[in-house]
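# Geometric and topological summary
Read off the chains here:
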Amino acid sequence: MIEARDARSPRPVLALCVGLLVTTFAAAEDVGYKTVAEALASLKHTKDVSFSVVRGWTIATDETHLTVWSFAPKTDPSYPAVVKRMVISTGGGSKVTMSVLCEADKASCANLVREFQK
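Analysis parameters
Residues numbered from 1 in each chain as written. Predicted model: local features only at pLDDT ≥ 70, side-chain atom pairs only at ≥ 80, totals over all residues. Heavy atoms only, no water. Disulfide = S-S within 2.5 Å. Buried < 20%, exposed > 50% of the residue type's maximum accessible area, 1.4 Å probe, protein only. Helix = DSSP H or I, 4+ residues; strand = E, 2+ residues; numbered from the N terminus. Core = buried A, V, L, I, M, F, W, Y, C linked by side-chain atoms within 4.5 Å. Contact = heavy atoms within 4.5 Å. Salt bridge = Lys/Arg side-chain N within 4 Å of Asp/Glu carboxyl O. Arc of directions from axis to C-beta.

## A look at the state of the cysteines
Summed over all chains, the structure comprises one disulfide. One disulfide bridge connects C102 with C109, the sulfur atoms lying 2.0 Å from each other. Around the S-S axis, the bridge from C102 to C109 shows a dihedral of about -80° and counts as left-handed. As far as burial versus exposure is concerned, C102 and C109 are alike and both buried.

## Comments concerning the environment of S99
Locating S99 in the fold gives a position in strand 7 (residues 93–102). Separated by 16 residues in the primary sequence, S99 and V83 place their C-alpha atoms 5.8 Å from one another.

## Some points on unusual backbone geometry
Here the residue pair Y79 and P80 is connected by a cis peptide bond, since its omega of -5° sits within 30 degrees of zero. Summarising the element assignment, P80 is placed in the loop between strand 5 (67–71) and strand 6 (81–90). With phi around 50°, L66 is a residue other than glycine that occupies positive phi space. Judged by its relative accessible area of 24%, L66 is partly exposed.

## Examining the nonpolar core
Counting 13 residues, the largest nonpolar core has W57, V83, M98, V100, C102, L112 and F116 as its most contacted members. Secondary structure elements with two or more residues in this core: strand 4 (57–62), strand 6, strand 7 and helix 3 (106–117). With four residues, helix 3 is the single largest residue contributor to this core. In contact with W57, not counting residues within four places along its chain, are S52, S70, F71, A72, P73, D76, S78, L112 and F116. Counting residues in hydrophobic clusters, the runner-up holds 10 residues, among them V36, A60, V82 and L101.

## Some points on the pattern of salt bridges
The full count for this structure, using the stated rule, is one salt bridge. Between E115 and K118 there is a salt bridge whose closest N-O contact spans 3.1 Å. Classification of E115 by relative accessible area gives partly exposed; the value is 33%.

## Some remarks on helix 2 (residues 36–44)
Residues of helix 2 that are buried: V36, A39 and L43. Looking straight down helix 2, one finds that the buried residues subtend no more than 60° of arc, so they occupy a single side. Relative to its buried face, helix 2 has exposed residues pointing more than 90 degrees away, namely A37 and K44. Lining the buried residues of helix 2 we find strand 3 (49–54), strand 4, strand 5, strand 6 and strand 7.

Here you go:
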């Protein structure tokens, strides 16, 4: 497991929920879907999930579960890929977990993880 401080937040609601952000990278199976397409299709049919597009990335926000999904655009080398960030309460505060499902080549996927850990 890789831990890193995270100064970025895809949505202000998550930033407000977290005092000190700690991002923990998790295995792809923690995304909860077998493919990126399956994740996107399922979220599109999930109540209370809102969608937006930011710099070409499709962002799905589930405020009920304090989760943000970032889907890579077709123009990104990591496509198809999704990054799932979820705020989790801990005994002394909160942390942000990050799970990645990337179907591109290994180098592009590794770069995607590095970019989200900044």
